Amino acid sequence: MKKFLSLLLACLFLATFVACNKEQKTDESEAGNEVTEDVVTQPEQEAAEEAETPATAEEELDLAGKTAVMITDEGGINDESFNQSAWNGMERLEQELGIKVSFIESHKDAEYIPNLELAVDQGNDLVWGIGFLVKTALTEVAHDYPEQLFGLIDDVFEEGEVPNAVGVEFAAEQSSFLVGYIAGMMTKTDKIGIVIGAEFPTMFRFRYGFEAGINYAAKELGKEIEFLYNNIETFSDTAKAKATAQQMYHSGADIVFQCAGLAGSGVIEAAKELDQWAIGVDLDQNSLAPDNVLTSALKNVDVAIFEISKRILSGEELGGQNVLFGIKDNGVGIAPSSDKHVPAEILEKVDQLIELIKADEIQVPYSEELYNEFMAGLK
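Colleague: Would you explain the packing of helix H7 (residues 172-186) against helix H8 (residues 201-221) in this entry?
Modeller: Working note: a packed helix pair is described by the angle between its axes plus the distance between those axes. It is the contact of H7 with H8, at a shortest axis distance of 6 Å, that shows an interaxial angle of 35°. Between H7 and H8 the crossing geometry is right-handed. Along the contact surface, H7 presents Ala 172, Glu 173, Ser 176, Phe 177, Val 179, Gly 180, Tyr 181, Ala 183, Gly 184 and Met 185, while H8 presents Arg 205, Phe 206, Gly 209, Phe 210, Ala 212, Gly 213, Ile 214, Tyr 216, Ala 217, Glu 220 and Leu 221. Looking at the contact of H7 with H8 residue by residue, the class counts come to 13 nonpolar, 5 polar and 3 charged.

Printed below as a string of structure tokens:
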């Protein structure tokens, strides 16, 4: 009986509380002070959370499971230069976008075609050929496998030549101009050399850009600087590059720019042994001889590999097109280590030159014809 009475009293109390509460809300509504509750559904809450933390472009991409492979030129993956920079970009693809990457090394021209065919047979979504030396082989294989996507670093295709491949080149003349200017400002003997690995349009970008930079500095200083040039016809023979550089140093050059891939490490070794300056290429090569690598002309192959691969594997149709990476695109530049040996006042002038190049107020030459025009305007 007591339990029944207790239960009855509890029910009466609850009914009275509900009625009073309802009456209170009615009164507040009539007084113009409406009380409402903000009810948020789960989908709305999730949308709000996403709005608070927007996804980055990389997070929105779902490229996990995609595959990309690069075929090196004869310098190999550890050339401390061109191929290694490309591999850095490939590794970034894997780390940031989840793309599975790999490489196949080539040690001679005859291996390019079988290596490219192997890459296709492996089922890779994208196949990169690294270096202009791979162009002929890649063109042939791309025609044999029209459904396969290819990319070529450091050369371009004629319009419609290879509809399933993109060509990527760099304005290497711009970075070469900057290190040429540094060399021209810092030479003590007024004699500067360059060693290149082959005479191709791609390599002429280095030569004529560098020579133009030297002459730009020479005019500023009001003097003449002798330019020494040698094509060693190899990207792998370090001994030949070293001997060539030694000859230049013994002839009075105190700065030599190497543009010869793996072989170019021989130039740096000669500079170290003779206590002279060398200028590196593609990567920041100061670590190879910290006291003798003055600066390096960067060709940011890693940036190009990452950006173009991301675009292609996201579905953008770049086949049959060519893409140029210049100083405006962070495609070329000078090494971060330049401030170790190059005086601050010279680097400040280099920064000014960079802005002039970006504004197209300095047109850096990349061929003999353009170089002659540049020199005519410099006088």
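Colleague: Looking at this structure, I do not really get the pairing of strand E11 (residues 322-325). What am I missing?
Modeller: Working note: regular strand, side chains alternate between the two faces of the sheet. Alternating positions in E11 separate cleanly, Val 323 and Phe 325 being buried on one face and Asn 322 and Leu 324 remaining unburied on the opposite face. Here strand E5 (residues 165-170) pairs with E11 via 4 bridges, running parallel. Residue pairing across strands places Phe 170 opposite Phe 325, the latter belonging to E11.

Colleague: Please clarify how the packing of helix H5 (residues 112-121) against helix H6 (residues 135-144) should be interpreted in this entry.
Modeller: For the pair H5 and H6, interaxial distance at closest approach is 9 Å and the crossing angle is 40°. As judged from the angle between their axes, H5 and H6 are oblique. The crossing of H5 and H6 is right-handed. Contacts between H5 and H6 involve Tyr 112, Ile 113, Leu 116, Glu 117 and Val 120 from the first element and Ala 137, Leu 138, Glu 140 and Val 141 from the second.

Colleague: Looking at this structure, I do not really get the sheet that holds E11. What am I missing?
Modeller: The strands making up a sheet associate through backbone hydrogen bonding, with each pair oriented either parallel or antiparallel. Strands sit in the order E2-E1-E3-E4-E5-E11 across an open sheet of 6 strands; the sheet is parallel. In this open sheet, the two strands that pair with only one neighbour each are strand E2 (100-104) and E11. Between one strand and the next, the sheet's axes are offset by a mean angle of 20°, whatever the strand orientation. Packed on one face of the sheet, H5 meets strand E1 (67-71), E2, strand E3 (126-130) and strand E4 (149-153) and runs near 175° to E1.

Colleague: Could you clarify how one ought to interpret the nonpolar core in this entry?
Modeller: Side chains of nonpolar character tend, in soluble globular proteins, to be buried together. Core analysis: the largest hydrophobic core is formed by 77 residues, its most contacted members being Trp 128, Ile 153, Phe 210 and Phe 257. Sort the elements by how many residues they give to this core and H7 lands first, with 9 residues. Not counting the four nearest positions on each side in its chain, Trp 128 is found in contact with Val 69, Met 70, Ile 71, Met 90, Gly 151, Leu 152, Ile 153, Val 168, Ile 305, Ile 308 and Ser 309.

Colleague: Would you mind going over the pattern of salt bridges with me for this structure?
Modeller: Side chains that differ in charge, positive against negative, can pair when their charged atoms come close. Taken as a whole and judged by the stated rule, the model has 13 salt bridges. With a shortest N-O distance of 3.2 Å, Arg 205 and Glu 169 are connected by a salt bridge. Within this pair, whereas Arg 205 is found in helix H8, its partner Glu 169 is found in strand E5, the two being separated by 36 residues in sequence. Note that Glu 316 is salt-bridged to Arg 311, the shortest N-O span being 2.8 Å.

Colleague: How should unusual backbone geometry be read in this particular structure?
Modeller: Negative phi is the rule for most residues except glycine; trans is the rule for most peptide bonds. One non-glycine residue with positive phi stands out, namely Asp 190, at about 60°. Its place among the elements puts Asp 190 in the loop between H7 and strand E6 (191-196). For Asn 330, which is not glycine, the phi dihedral falls at a positive 60°. Residue position: Asn 330 is located in the loop between E11 and strand E12 (332-334).

Colleague: Just checking my understanding: could you explain the sheet that holds strand E9 (residues 277-282) for this structure?
Modeller: Read from one edge of the open sheet, 6 strands run E7-E6-E8-E9-E10-E12, paired in mixed fashion. This sheet does not close on itself; its edge strands, each paired only once, are strand E7 (226-231) and E12. Looking at each pair of strands side by side, their axes are set apart by 15° on average, direction ignored. Of the strand pairs in this sheet, E9 and strand E10 (residues 293-299) are connected by 5 bridges, and their pairing is parallel.

Colleague: Would you explain the environment of Thr 72 in this entry?
Modeller: Turning to its location among the elements, Thr 72 is positioned in the loop between E1 and helix H4 (82-97). Separated by 59 residues in the primary sequence, Thr 72 and Gly 131 place their C-alpha atoms 7.4 Å from one another. Setting aside its immediate chain neighbours within four residues, Thr 72 contacts Ile 77, Asn 83, Ile 104, Glu 105, Ser 106, Tyr 112, Ile 130 and Val 134.

Colleague: How should the pairing of E2 be read in this particular structure?
Modeller: Bridge analysis of E1 against E2 gives 5 bridges, and the strand direction is parallel. Its bridge partner being in E2, Met 70 is matched across the sheet by Phe 103. Between the parallel elements E1 and E2, the chain passes through H4 in a crossover that is right-handed.

Rules and cut-offs
- Residues numbered from 1 in each chain as written.
- Predicted model: local features only at pLDDT ≥ 70, side-chain atom pairs only at ≥ 80, totals over all residues.
- Heavy atoms only, no water.
- Axes fitted to C-alpha atoms, helices over the stretch in contact; angles between N-to-C directions.
- Helix = DSSP H or I, 4+ residues; strand = E, 2+ residues; numbered from the N terminus.
- Left-handed = near helix turned anticlockwise from the far one by under 90°.
- Contact = heavy atoms within 4.5 Å.
- Nonpolar A, V, L, I, M, F, W, Y, C, P; charged D, E, K, R; others polar.
- Buried < 20%, exposed > 50% of the residue type's maximum accessible area, 1.4 Å probe, protein only.
- Pairing = 2+ DSSP bridges.
- Parallel < 35°, antiparallel > 145°, perpendicular 65-115°, else oblique.
- Core = buried A, V, L, I, M, F, W, Y, C linked by side-chain atoms within 4.5 Å.
- Salt bridge = Lys/Arg side-chain N within 4 Å of Asp/Glu carboxyl O.
- Right-handed = clockwise from strand over helix to strand, strands pointing away.

The quantities given are spatial measurements derived from coordinates; they are silent on function.
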